[in-house]
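Here is what each chain is made of, one letter per residue.
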Amino acid sequence: MSNPIKQNEPLVTHIYTADPSAHVFEGKLYVYPSHDLDHVKESNDNGDQYDMEDYHILSLNEDLTECEDHGEALHLRDIPWASQQLWAPDAAYKNGKYYLFFPARDHDGIFRLGVAVSDTPAGPFKPEPNYIPGSFSIDPAVLCDDDGKSYVFFGGLWGGQLEKWQTGEFVADAEGPAPTEPALGPRVAELTDDMLGFKGEALEISILDENGHPITAGDEERRYFEGPWVHKHNDLYYLSYSTGSTHRIVYAVSRNPLGPYEYKGTILTPVIGWTTHHSIVQYQDKWYLFYHDSSLSGGADNKRSVKFTELFYEEDGTIRTIDPYPNKG
Ligand code: FUB
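Residues numbered from 1 in each chain as written. Predicted model: local features only at pLDDT ≥ 70, side-chain atom pairs only at ≥ 80, totals over all residues. Heavy atoms only, no water.

Colleague: Would you mind showing me how to read the overall build of the protein here?
Modeller: The helix and strand tally for the protein stands at zero helices and 21 strands. For the protein, whose C-alpha radius of gyration is 18 Å, the value lies close to the compact-globule estimate of 20 Å for 329 residues. In terms of overall dimensions, the protein has C-alpha extents of about 50 × 50 × 45 Å along its principal axes. Each of the 329 residues in the protein was classed as buried or not, and the buried ones make up 57%. A fraction of 53% describes how many contacts in the protein between residues 6 or more apart in sequence connect residues 24 or more apart. Taken as a whole, the protein presents about 13,600 Å² of accessible surface, with 46% of it coming from carbon and sulfur. Averaging the coordinates of the 25 positive side-chain charges in the protein and doing the same for the 53 negative ones gives two points 1 Å apart. (Helix = DSSP H or I, 4+ residues; strand = E, 2+ residues; numbered from the N terminus. Rg over C-alpha atoms; globule rule 2.2 N^0.38 Å. Buried < 20%, exposed > 50% of the residue type's maximum accessible area, 1.4 Å probe, protein only. Contact = heavy atoms within 4.5 Å. Areas by Shrake-Rupley, 256 points an atom, 1.4 Å probe, with all protein chains shown as cover. Lys, Arg positive; Asp, Glu negative; His and termini not counted. Charge placed at Lys NZ, Arg CZ, Asp CG, Glu CD.)

Colleague: Which parts of the structure should I look at to understand the packing of aromatic side chains?
Modeller: Each pair of aromatic rings is reported with the distance of its centres and the angle of its planes. In this structure the tally under the stated criterion is 24 aromatic pairs. A ring pair is formed by Tyr238 and Tyr313, whose centres lie 5.8 Å apart and whose planes are at 75°; its orientation type is edge-to-face. Note that Tyr238 is positioned in strand 16 (residues 236-242) and Tyr313 in the segment after strand 21 (305-311), a separation of 75 residues in sequence. Classification of Tyr313 as buried rests on a relative accessible area of 16%. (Phe/Tyr/Trp six-rings, centres within 6.5 Å; stacked < 30°, edge-to-face > 60°.)

Colleague: When you look at the pairing of strand 3 (residues 54-60) in this model, what are you seeing that I'm missing?
Modeller: The side chains of a regular strand alternate, first on one face of the sheet and then on the other. The buried fraction of strand 3 amounts to seven of the seven residues, a majority that puts the element mostly inside the structure. Side-chain alternation along strand 3 places Asp54, His56, Leu58 and Leu60 on one buried face and Tyr55, Ile57 and Ser59 on a second face that is also buried. Looking at chain direction, strand 2 (residues 28-36) and strand 3 are connected through three bridges and run antiparallel. Following the sheet pairing, Val31 is matched in strand 3 by Leu58. Judged from the six bridges that link them, strand 3 and strand 4 (residues 67-75) form a sheet pairing that is antiparallel. Paired with His56 across the strands is Glu72, a residue of strand 4. The turn joining strand 3 and strand 4, which pair antiparallel and follow one another in sequence, is formed by six residues; a positive phi near 60° is taken by Leu64. (Pairing = 2+ DSSP bridges.)

Colleague: Is there a simple way to explain the site of the ligand in this structure?
Modeller: Near the ligand you find Asp19, Met52, Trp87, Ala88, Ile138, Asp139, Glu226, Thr275, His277, His292 and Arg304, and these make up its full shell. A distance of 3.5 Å separates an oxygen atom of the ligand from a polar backbone atom of Ala88. In the environment of the ligand, an oxygen atom lies 2.7 Å from a nitrogen or oxygen atom belonging to the side chain of His277. A breakdown of the residues in the shell around the ligand according to their chemical character gives four nonpolar, three polar and four charged. (Near = heavy atom within 4 Å. Polar contact = N/O pair within 3.5 Å; in protein donor to acceptor, adjacent residues only side chain to side chain. Nonpolar A, V, L, I, M, F, W, Y, C, P; charged D, E, K, R; others polar.)

What follows is the structure in structure tokens.
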């Protein structure tokens, strides 16, 4: 199926899509989104309204005016270890294979990360029988670095359960740090050479302010919430993420993929809908931000649509803040 598209408008309108991870594979721009179902679910801070069951992979034509839906690439029923909630995925390529990384709840209701493999970027993807040992929480994002190392960044607060892993074990009633304490950071693990496991334990990433102090849990305009994405520009690592309750996409930079990262500013101001989630990709000679909002569904938080827009760096390497509604009156 294909349809004409424009920047800042939904890529597809025949299904709801969210959490876009964009990559260029085989010279083509592919988008790996979540698939929001058109159903009514109880809405709460646990994220029960985001009750997704499969993934559809999208790709764009060369001038980014047409979008193709490649159909169902992976379904919950085919993942032995998962019980519900296929949330934000990402994809990576290594040694002739494509890998789809995704979060889901296991049969105990605990979020874990899984991986599925394909010979082609559009799938279908065959899931591994078990979740990645040592994985937890949500929103995996993979960086394949120039030196051959691959990293997965992940973690999300509230429904994403990151607060519950502060001891290294799952503690069902654990709460986040006090407002004056350092905020919880995203986690990062180096992937094994076959891309199916972690080389060691996941580490926590520090995000610091301009004075070298950790961003605190009470600093909701800047603290990490969910949806990490790491890309490289001029040898600098950019970690961007959602601030959750303040609905921004912000970023921090580092010379080391493992951090610490220094907070820099806002990439995307709030969109229609509670969640905001993004990815950043270079295609041909331009940079693009892929994001979602709930405009197509009239504001339903769990019925979102993926969009894209061009992203610009200033000469000093900072990213120009994007207004998702540039044409509003
Ligand atoms: O789509 C479900 C969840 O909502 C994602 O995992 C989060 O990043 C948020 O967009």
